[in-house]
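Structural overview for review
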Amino acid sequence: MTFVQVIEYETKDEDRVDRIMNEWLRLTQGKRTAHHSTMGKDRDKPSHFMQIVEFPSYEEAMRNSDLPETRQLADEMREACDGDPRFVNLEVTRDEILDEDAMMSLMGRVVTDLGAVALAPSLVIGERLGLFAAMADGTPRTSAEVAAATDCNERNVREWLSAMAASGYVSLDADGRFRLTPEQVVAFCDQESPYYALGGFQSFSAAASLETRAKLQQAFRTGEGLGWDQHHPELFSGTARFFRPGYATFLVDMWLPAMTDTVARLRAGGSVADIGCGFGYSTLMMARAFPEARCTGFDYHGPSIEAARRQAKQEGLTKHCDFEVAGSADFGGGPYDLITFFDCLHDMGDPVGALSHCRARLTEGGAVMVVEPQAADDIADNMNPLSRAFYAASTVICVPASQAQPVGRALGAQAGEARTREVAAEAGFGQFRRATETPFNIVYEMRS
Ligand SMILES: C[S@@+](CC[C@H](N)C(=O)[O-])C[C@H]1O[C@@H](n2cnc3c(N)ncnc32)[C@H](O)[C@@H]1O
């Protein structure tokens, strides 16, 4: 344990004491055991000095005192000082040192995040007003030109552009005009791209409303959760838009082909139940890709199912694609060749109950496909930006949503393979495998 010695003395000859100390430092090079020393002069009494010397331990301090050079130093100090120096020996009981570099790096992160939180509403507003869309051709524009193209006030648009440029979301040219690079166009204008980012901002910031925050605060105390349906409606459409680009890119071309025998069954007129389908984008994609198949989306949230039905009608898919309000443990119909869960099994209060219900509703050889956010099993392996985003969203959305339902298993959006395998086994599935994965998702296949 660290040991500190305080030496207090008075002298009118500060320079002489300095010389004595320098000589001691020279002579004890490699021998002294003090690892840190601070000298201070009393502001109110310039002849009064204090030296604070830190040692790794009391024993090391004594070894230092026993050095012949230290004894000589003590004799010389006595001569240079008015009266005997006073020694106080302190066992250190608390030691708080602020590491300036660590502090600055933490503050750097905090400021970056502060910017992100402040930026989120502007991103949603900018999308709605068509500010990004007005710049989608990559042409450099002044704020006045962007304002005119979107029928907005120039001063507001100028501030918005400045915030976007400082975030790296819009580029600022040397002549003061603003433009989107091809990458920025993809991230903020191309809703079909897997890189499209604005749905995520809409979804994740929906839980930030004052009303939702107050409910969550209460839910943290009671553990009673906050139902999906109790959030601001922005969460429902935002989440659908957040996940849609990933599904549009991977679902039909990669995830379904990675499942054993599933594509052949769907082509041959098989049936699909998409559980927790939300706005039904995943259900509709399967219906579009497999016109012979019968696709039904289920969700316990009525307004989401209504939105899905509207979309199916708009796309002319209602003949073989429909939507029903139903919970994951009581949906009907079937038997199904494929039952899917897209980014929602962990939101359910009773994932085991849901999977058991599915097992009883599969055709012979049918399978359950569970798509979950990418995550490792061990929290220590999830210390990365993607997991950070999912843990953060899960704290305010997924875990409380599950807690609000019977059982309240609360797997969390970073459940990982081991915990997902566990619930599959508890539900009676004998076969479980990681069928495929992308940077954002893991796709599991479960069979009896
Ligand atoms: C994160 S959202 C995912 C929605 C959709 N699968 C998607 O990827 O866009 C979770 C969905 O699960 C639904 N959900 C949660 N618990 C449910 C339950 N017990 N039964 C049915 N749906 C449930 C919610 O209503 C919500 O639509």
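The numbers attached to residues start from 1 for each chain and follow its sequence in the written order. Reporting of local features is limited, given that this is a predicted model, to residues whose pLDDT is at least 70; pairs of side-chain atoms are given and counted only at 80 or more, and all residues count toward the totals for whole chains, interfaces and linings. Hydrogens and waters are ignored; side-chain quantities use all the structure's heavy atoms.

Digging into the site of the ligand
Basically, it comes down to this: If a single non-hydrogen atom of a residue is within 4 Å of a molecule or strand, that residue counts as near it. Identification of polar contacts relies on pairs of N or O atoms within 3.5 Å, with a donor-acceptor requirement for protein atoms, meaning one able to donate a hydrogen and the other able to accept it, and with residues adjacent in sequence counted only if both atoms are side-chain atoms. The method behind every accessible area is Shrake-Rupley, applied with a 1.4 Å probe, and residues are considered shielded solely by the protein chains displayed. Here a strand is any run of E in DSSP of at least two residues, a helix any run of H or I of at least four, and the numbering for each starts at the N terminus. Residue polarity is assigned by list, with Asp, Glu, Lys and Arg as charged and Ala, Val, Leu, Ile, Met, Phe, Trp, Tyr, Cys and Pro as nonpolar; anything else, Gly included, falls into the polar class.
In the vicinity of the ligand lie 20 residues, with Tyr247, Gly276, Asp299, Phe342 and Gln405 positioned nearest. Gly276 places a main-chain nitrogen or oxygen 2.7 Å from a nitrogen atom of the ligand. Within the contact set of the ligand, an oxygen atom lies 2.6 Å away from a side-chain nitrogen or oxygen of Asp299. Expressed as a share of its isolated accessible area of 590 Å², the protein-covered part of the ligand is 95%. Broken down by element, the residue count for the shell around the ligand peaks at four residues, all from helix α10 (residues 234-258). In terms of residue class, the shell around the ligand is built from ten nonpolar, seven polar and three charged.

Things to note about the sheet that holds strand β3 (residues 48-55)
Sheet strands pair via backbone hydrogen bonds, and the direction of the pair is either parallel or antiparallel. For the record, the criterion: Pairing between two strands is assigned when DSSP locates at least 2 bridges connecting them. Here, axes are lines fitted to C-alpha atoms. For helices the fit covers the stretch in contact, and angles between N-to-C directions go from 0 to 180 degrees.
Ordered by their spatial adjacency, four strands build an open sheet running β2-β3-β1-β4, and the pairing between neighbours is antiparallel. If you trace the sheet from one side to the other, it starts and ends with β2 (36-41) and β4 (86-91), each paired once. Recorded for the sheet is a direction-independent mean angle of 15 degrees between the axes of neighbouring strands. Pairing of strand β1 (residues 3-10) with β3 involves eight bridges; the strand directions are antiparallel. Residue pairing in the sheet places Ile7 in a bridge with Gln51 of β3.

Points about the UniProt feature "domain: Methyltransferase type" (unreviewed entry) in the chain
Inclusion rule: UniProt positions are given in the numbering used here, feature names are shortened, and annotations may be inferred rather than shown by experiment.
Per the UniProt annotation, the sites labelled "domain: Methyltransferase type" (unreviewed entry) are residues 274-367. Note that residues 274-367 is 33% helix and 28% strand, and that its end C-alpha atoms are spaced 12 Å apart.

Some words on unusual backbone geometry
Omega for the bond connecting Gly334 with Pro335 falls within 30 degrees of zero, at 0 degrees, which places this linkage in the cis form. Position of Pro335 among the secondary structure elements: in the loop between β9 (321-325) and β10 (336-342). The backbone phi angle of Asp261 is positive, close to 70 degrees, even though this residue is not glycine. Assignment of secondary structure puts Asp261 in the loop between α10 and α11 (262-267). One non-glycine residue with positive phi stands out, namely Asp343, at about 45 degrees.

As for the state of the cysteines
For clarity, the threshold we go by: Defined by distance alone, a disulfide is two cysteine sulfur atoms within 2.5 Å.
Inspection of every chain in the model, using the stated rule, returns zero disulfides. With no disulfide of its own, Cys152 lies closest to Cys189 among cysteine sulfurs, the gap being 15 Å. Note on Cys295: no disulfide assigned, nearest cysteine sulfur contributed by Cys321 at a separation of 5.6 Å.

A closer look at helix α5 (residues 143-150)
Operational definition: For the exposure calls, accessible area comes from a 1.4 Å probe over protein chains only, and a residue counts as buried if that area is under 20% of its type's maximum, exposed if over 50%, partly exposed in between. An arc is given here, and it is the one of the directions from the helix axis to the C-beta atoms. The criterion used for residue contact is that any of the two residues' heavy atoms lie within 4.5 Å.
What α5 keeps buried is the set Ser143, Val146, Ala147 and Thr150. One side of α5 carries all its buried residues, which in axial view fall inside an arc of 100 degrees. Among the exposed residues of α5, those oriented more than 90 degrees off its buried face are Ala148 and Ala149. In this fold, the buried residues of α5 make contact with α6 (154-167) and β6 (178-179).

What to know about the packing of helix α4 (residues 100-128) against α6
Rule in force here: Left-handed describes a crossing whose near helix is turned anticlockwise from the far helix by less than a right angle; the clockwise case is right-handed.
Look at α4 against α6: their axes get within 11 Å of each other, and the N-to-C directions meet at 120 degrees. Here the hand of the crossing between α4 and α6 comes out left-handed. Side by side, α4 and α6 meet where Leu119, Ser122, Leu123 and Gly126 of the first sit next to Trp160, Ala163, Met164 and Ser167 of the second. Among the residues forming the contact of α4 with α6, the class breakdown is five nonpolar, three polar and no charged.

Some thoughts on the packing of α5 against α6
As a packed pair, α5 and α6 sit with axes 8 Å apart at the nearest point and diverge in direction by 120 degrees. The element α5 and its partner α6 pack so that their crossing is right-handed. Judged by residue contacts, Ser143, Ala144, Val146 and Ala147 of α5 engage Glu154, Val157, Arg158 and Leu161 from α6. When the residues that make up the contact of α5 with α6 are grouped by side-chain class, the tally is five nonpolar, one polar and two charged.

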